[in-house]
Amino acid sequence: MGTTGPPAPLLSIIVTFSAAATLAAALPTPASGSVPDRLASERAYSASVPASRAVAASGFASVAATGFASVAASGFALGVPGQNCAQPGEDRVNGSWARAMLQADAIGALEAGDGARVAVLSTGVDRGQPQLAGRVLAGDDTADNAGTADQDCTGIGTQVAGVISGSRNGGDSDAAGLAPGAEILPIRVMPDDPAGSEPSPGTLTRGILTAVQQNADVVVVTTPVYRNDPDLESAVATAVAQGTVVVAAVGDLGSRDDGNPDPYPASYPNVIGVGAVDQNGQIAPASQFGEYVDLVAPGVAVPALQTGRGAVEASGTAVAAGFVAAAAALLRARDPRLPPAEVARRLIATASPAPAGPAFGAGVVNPYAALTARVVDSDARRLPALEPAALPDDSAELRRRAIAVNSAVVAVILVLGLLLAAAALRRNRRRWRPGLAVRPPSPPEPLEPGPPVMLLDTVAANPPPKPGPPAAP
C-alpha cells in the first residue's frame, strides 16, 4: 500500500485564450485545480494549476503568474508581477490640456480636497512617487487577499491617483491632480501584471466593501467587469447607503470590433459612469457608450504621474474616471455631509455642454462650476402654510380707525357737494341765448296812392331868398 505525499503546490495563473481555444481543452480539470473563474473579458480566465503538471501551450495567447516568480512552460507569454515594470516617466511634460480644460488653477484657489479620502481600485498605487509623497496609505490587496497595495508595477493605479491627488511639488506641476490635498487609499483588485490583467466581480466586490470599511469618501473603479453580479451590485448599494460616492470607468471596448458590452459597476444605479474625451471635446474612439454614461472627462494623451517618478501621457476611461473622482472629493472636502446622490446631482447639473448622444452623458465634468454654482431643485415645492396675523385687541386703536374712516366719508361728501353746486351755477349762466331784434311797426299804406309829389314844382314856387349887399366897413 503506497503512501500519499504532500499535495502538489498550485500555480495561480491568468489565461487569455485565442479565438480557437476552448476552456475544456486548455485548462486542467477541477480534480487537478480550481474551477476557472472568468474575468472581465470573454476569453480571460483565472485558475489554480498544479505546478508539476504540464499545461499544453496550444491555444494560449498569454499566461500571467500571480503567485510565482516564473512559469516554466514553452509557448506562454509571461508577465511576472514585480518584474518588467513600467519605466519611469519624463521629468517634464509640455503642458496639460486636461488641466486647462478643467480650470485646475482656478480650482486650487477654492478647494484642495483636504480631509477627503479616495479609494483607487486598480493595480495599486506607488507610495514612493515623489508627487504623491505623504498622501498614499498602505491599502489592501483584494486580488490575493493578503498584503498591501502601496506598490504599483503596472502603473495604472498610480496614473489615476496622480490626476486626483498629485502635488505640484516634487515634479512637473503640469501632472498635478485636481485635489492635491486628498488622501489616496490604494486597493488592488487585479494582479499587478505589466503583461495585462483584469479584475473579477469578486475582487471588485471585496475592494468596494474594503473601501467602505476604511471610511473612503469616494471610490473610483478604474477597470470594469462585463458580467452582472448580484454580490457586486449589493456592494455598490452598501457603499452608497454608507455615504460613499462610487465613480466607475465605463470601459474601453466601445469600438465596433469590441461590441460595446455593458460595463459593471457603471451600469448599476447610483454609480457615476465616466467616459473619455480628447482635447477637442470629441469622444475617445474606444470609450464605451450607453445609458450608463453620466459624465465624460479628459482621457486621451493626458499627462499623468508614472510609477517610480516622472510623468507619462495616459489614455482611457480609467484616467477620465480619476478626474471625476477628484471632483467628487472636492465637493466632499467642502461639505463632508453631502450625500452621494447630491454629489452626483451637482456634478451632472454643472457639467459643461457636449454633443448630445449616449457617449457623452450630461457633458464634460466641470469641477469649478460644481464648487461655485448654486443648484436648485427642479421639482415644484409647495409653499409653507401661512396663518393670518391676529388683529390687536385695542379699543383706542379701533376708535381712531373709525374716526378716520368717518372723517374721510364726510370729506368725500363735501367735495361731491361742492362739485355739484359749481356745475349748477355754470348751467344758470347759460340760459340767455343771442337772437334778432324785434321788427318796428309800420303804418298801413292807403289802398289808392295819392297824386305824385312834384319836388321841382315845390322849389320853384318858393325860391330861396337872394343875398343882400355887403355890409359897410
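Rules behind the numbers
- Residues numbered from 1 in each chain as written.
- Predicted model: local features only at pLDDT ≥ 70, side-chain atom pairs only at ≥ 80, totals over all residues.
- Heavy atoms only, no water.
- Helix = DSSP H or I, 4+ residues; strand = E, 2+ residues; numbered from the N terminus.
- Buried < 20%, exposed > 50% of the residue type's maximum accessible area, 1.4 Å probe, protein only.
- Contact = heavy atoms within 4.5 Å.
- Areas by Shrake-Rupley, 256 points an atom, 1.4 Å probe, with all protein chains shown as cover.
- Pairing = 2+ DSSP bridges.
- Axes fitted to C-alpha atoms, helices over the stretch in contact; angles between N-to-C directions.
- Parallel < 35°, antiparallel > 145°, perpendicular 65-115°, else oblique.
- Left-handed = near helix turned anticlockwise from the far one by under 90°.
- Expected span 1.5 Å × (residues − 1).
- Patch = residues over 30% accessible without salt bridge, like charges linked within 9 Å, V, L, I, M, F, W, Y side chains within 5 Å.
- Salt bridge = Lys/Arg side-chain N within 4 Å of Asp/Glu carboxyl O.
- Disulfide = S-S within 2.5 Å.
- Core = buried A, V, L, I, M, F, W, Y, C linked by side-chain atoms within 4.5 Å.
- Phe/Tyr/Trp six-rings, centres within 6.5 Å; stacked < 30°, edge-to-face > 60°.

Student: For the overall build of the chain, give the residues involved together with the corresponding values.
Tutor: The helix and strand inventory of the chain stands at 11 helices and 13 strands. Within the span of the chain, comprising 473 residues, buried residues form 42% of the whole. Taking contacts inside the chain between residues at least 6 apart in sequence as the whole, the part at least 24 apart equals 73%. For the chain, the exposed area adds up to about 26,400 Å²; of that, 56% sits on carbon and sulfur atoms.

Student: How would you summarise the pairing of strand 13 (residues 311-314) if you had to cite specific residues and measurements?
Tutor: Taken together, the 4 bridges between strand 12 (residues 302-305) and strand 13 define a ladder with antiparallel strand orientation. Counterpart to Val302 in the pairing with strand 13 is Ala314. Hairpin remark: strand 12 followed by strand 13, antiparallel, with 5 residues in the connecting loop; positive phi at Gly308, about 95 degrees.

Student: Quick rundown of the packing of helix 4 (residues 156-165) against helix 7 (residues 317-334)? Include the residues and the values.
Tutor: Remark: helix 4 packs on helix 7, axes separated minimally by 8 Å, with the N-to-C direction vectors making an angle of 30 degrees. When the axis of helix 4 is compared with that of helix 7, the two are roughly parallel. Between helix 4 and helix 7 lies a crossing whose hand is right-handed. On the side of helix 4, the interface is formed by Val160, Val163 and Ile164, while helix 7 contributes Ala318, Val319, Gly322, Phe323, Ala325 and Ala326.

Student: Let's hear about the sheet that holds strand 7 (residues 183-188): which residues, and what values?
Tutor: Whether parallel or antiparallel, the strands of a sheet pair through hydrogen bonds between backbone atoms. One open sheet accounts for 7 strands, arranged 6-7-5-8-9-10-11; its pairing is parallel. One side of each edge strand has no neighbouring strand; the edge strands of this open sheet are strand 6 (140-141) and strand 11 (295-298). Note: strand 9 (residues 245-249) against strand 10 (residues 271-277), 4 bridges, orientation parallel. The residue bridging Val246 from the neighbouring strand is Val271, located in strand 10. In the packing of helix 4 onto the sheet, contacts are made with strand 5 (117-122), strand 7 and strand 8 (218-221), and the angle to strand 5 comes to roughly 155 degrees.

Student: Pulling in residues and values, what's your account of helix 7?
Tutor: With 18 residues, helix 7 ought to run about 26 Å at 1.5 Å a step, and its terminal C-alpha atoms sit 26 Å apart, in line with that. A large share of helix 7 lies buried, amounting to 17 of its 18 residues.

Student: I'd like a rundown of a nonpolar patch on the surface, residues and numbers included.
Tutor: A cluster of nonpolar side chains, contributed by Val412, Val415, Leu416 and Leu419, occupies part of the molecular surface with about 370 Å² of accessible area. Here Val415 is to be found in helix 10 (residues 395-428).

Student: I'd like a description of the environment of Tyr264, backed by residues and values.
Tutor: With respect to the element layout, Tyr264 can be found in the loop between strand 9 and strand 10. Note: C-alpha distance between Tyr264 and Val225 (39 residues apart in sequence) is 5.3 Å. The contact partners of Tyr264, leaving out residues within four places of it in the chain, are Leu204, Pro224, Val225, Tyr226, Arg227, Asn228 and Leu232.

Student: I'd like a description of the state of the cysteines, backed by residues and values.
Tutor: This model, assessed by the stated rule, comprises 1 disulfide. With a sulfur-sulfur separation of 1.9 Å, Cys85 is cross-linked through a disulfide to Cys153. Handedness here is read from the sign of the S-S torsion; for Cys85 and Cys153, about -110 degrees, the answer is left-handed. A residue pair is termed long-range when its members are at least 10 positions apart, and Cys85 in the loop between strand 4 (60-65) and helix 2 (97-101) and Cys153 in the loop between strand 6 and helix 4 qualify at 68 residues.

Student: Any chance you could break down the nonpolar core for me, citing the residues and the numbers?
Tutor: In terms of nonpolar packing, the biggest core is built from 91 residues, with Val118, Leu121, Ile164, Ile272, Phe323, Val324 and Leu347 touching the most fellow members. When residues of this core are assigned to their parent elements, the largest contribution, 14 residues, is made by helix 7. Leaving out residues up to four positions away in the same chain, Ile164 has contacts with Val118, Val120, Gly177, Leu178, Ala179, Pro180, Ile184, Val220, Gly322, Ala325 and Ala326.

Student: Describe the packing of aromatic side chains, with residues and values.
Tutor: A complete count under the given rule lists 1 aromatic pair for this structure. The interplanar angle of 45 degrees and the centroid separation of 5.0 Å between the aromatic rings of Tyr264 and Tyr268 together place this pair among those described as tilted. Pair check on accessibility: Tyr264 and Tyr268 agree, each one buried.

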